[in-house]
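Chain by chain, the residues run as shown.
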Amino acid sequence: FQFGGDGFLVRRRSAALAGLNGGTGHVDAAYRVTKKQTVSLSFVYAYYDYQKAFGNANTQTLNLGYSATLGRHWNLSLQAGMARANNLGLILVPLDPAIAAIVGPGYTTVVFHPTKYFPTGAATLARSFEHASLTFLYSRTTTPGNGVYLLSKAQNANVTYSYVARKRLTFSFFGGYSNLDSVAQQISAYGSLNAGAGATYKLSRAVFGTFRYDYRHYTAGGLPGVTGQFQKDENRLSLGLAFSPGEKPLPIW
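So, here is what we can say about the structure in this document. (Residues numbered from 1 in each chain as written. Predicted model: local features only at pLDDT ≥ 70, side-chain atom pairs only at ≥ 80, totals over all residues. Heavy atoms only, no water.)

### What about the packing of aromatic side chains?
When we look at a pair of aromatic rings, we describe it by the centre distance and by the angle of the planes. For the coordinates displayed, the defined rule picks out 3 aromatic pairs. Considering the side-chain rings of Phe8 and Tyr48, the 6.3 Å spacing of their centres and the 40 degrees angle between planes classify their relative orientation as tilted. Taken together, the residues Phe8 in strand β1 (residues 2-10) and Tyr48 in strand β3 (residues 37-51) connect sequence positions 40 residues apart. Exposure remark for Phe8: the relative accessible area of 26% places this residue in the partly exposed category. (Phe/Tyr/Trp six-rings, centres within 6.5 Å; stacked < 30°, edge-to-face > 60°. Helix = DSSP H or I, 4+ residues; strand = E, 2+ residues; numbered from the N terminus. Buried < 20%, exposed > 50% of the residue type's maximum accessible area, 1.4 Å probe, protein only.)

In structure tokens:
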């Protein structure tokens, strides 16, 4: 059995982006059925109070899990469940025809307080080699958003391959897709494709040089009455130093 919780504050520099006060609490229970199989049950409650934006939200998520070791090298982990989301916010609705006949067609802002249910889950398949590892990951959960998108349904799919080339050197290649779909906002889904590679090199006993390259492609729709779609390509190159005492090369995160 596990019990836990956390709280957090998010403040963003731009006045156009929403900040956040929030916290989560969770309880988990796991039972080892056999030496290689485990079942679990988890419940998570989350509360988000948005800053510089009207509204708040809370979610309750219940997941059933199963994990197993498949042979000597494969590990499988599955989760499936349901989330209940309560959201208080603002939406745009068309003007009443009688009013529109006087002032012209348009929209007005009203308070919106929906309760929605949607499936959640995750799946991880990992393969270990003598000097490498391969991981496939998919998840569907809730997120408080990114400042533009508030409470949202999030989907992520990633694949990562890491290889220890020498005692001092590791390589990693990765790619994936992520998607945000707002629970209550009238805004199209936000998607991101990413791919890249990274490496670490042991310079001394506990100091590593790090390198990482990322390519990302973003897409997003607009608000009612706004045509066109936002698209952006981004390239990132990171060089740095990391400290990690240990005998093995630092893995790529």
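### Some thoughts on the environment of Thr120
If you trace the backbone, Thr120 turns up in strand β7 (residues 115-128). Put simply, Thr120 and Asn56 are 64 residues apart on the chain and 21 Å apart in space, counted from C-alpha to C-alpha. In this structure, Thr120 is in contact with Thr61, Leu62, Asn63, Gln79, Ala80, Gly81, Met82, Ala83, Arg140 and Thr141, ignoring residues within four places of it in sequence. (Contact = heavy atoms within 4.5 Å.)

### Considerations on the pattern of salt bridges
This structure, assessed with the given rule, holds 3 salt bridges. A salt bridge links Arg212 to Asp214, with the shortest nitrogen-to-oxygen separation between them at 2.8 Å. The class of Arg212 is partly exposed, set by a relative accessible area of 24%. The class of Asp214 is buried, set by a relative accessible area of 5%. Between Glu234 and Arg236 there is a salt bridge whose closest N-O contact spans 2.6 Å. Judged by relative accessible area, Glu234 falls into the buried class, the value being 19%. (Salt bridge = Lys/Arg side-chain N within 4 Å of Asp/Glu carboxyl O.)

In short, geometric facts, not functional conclusions.
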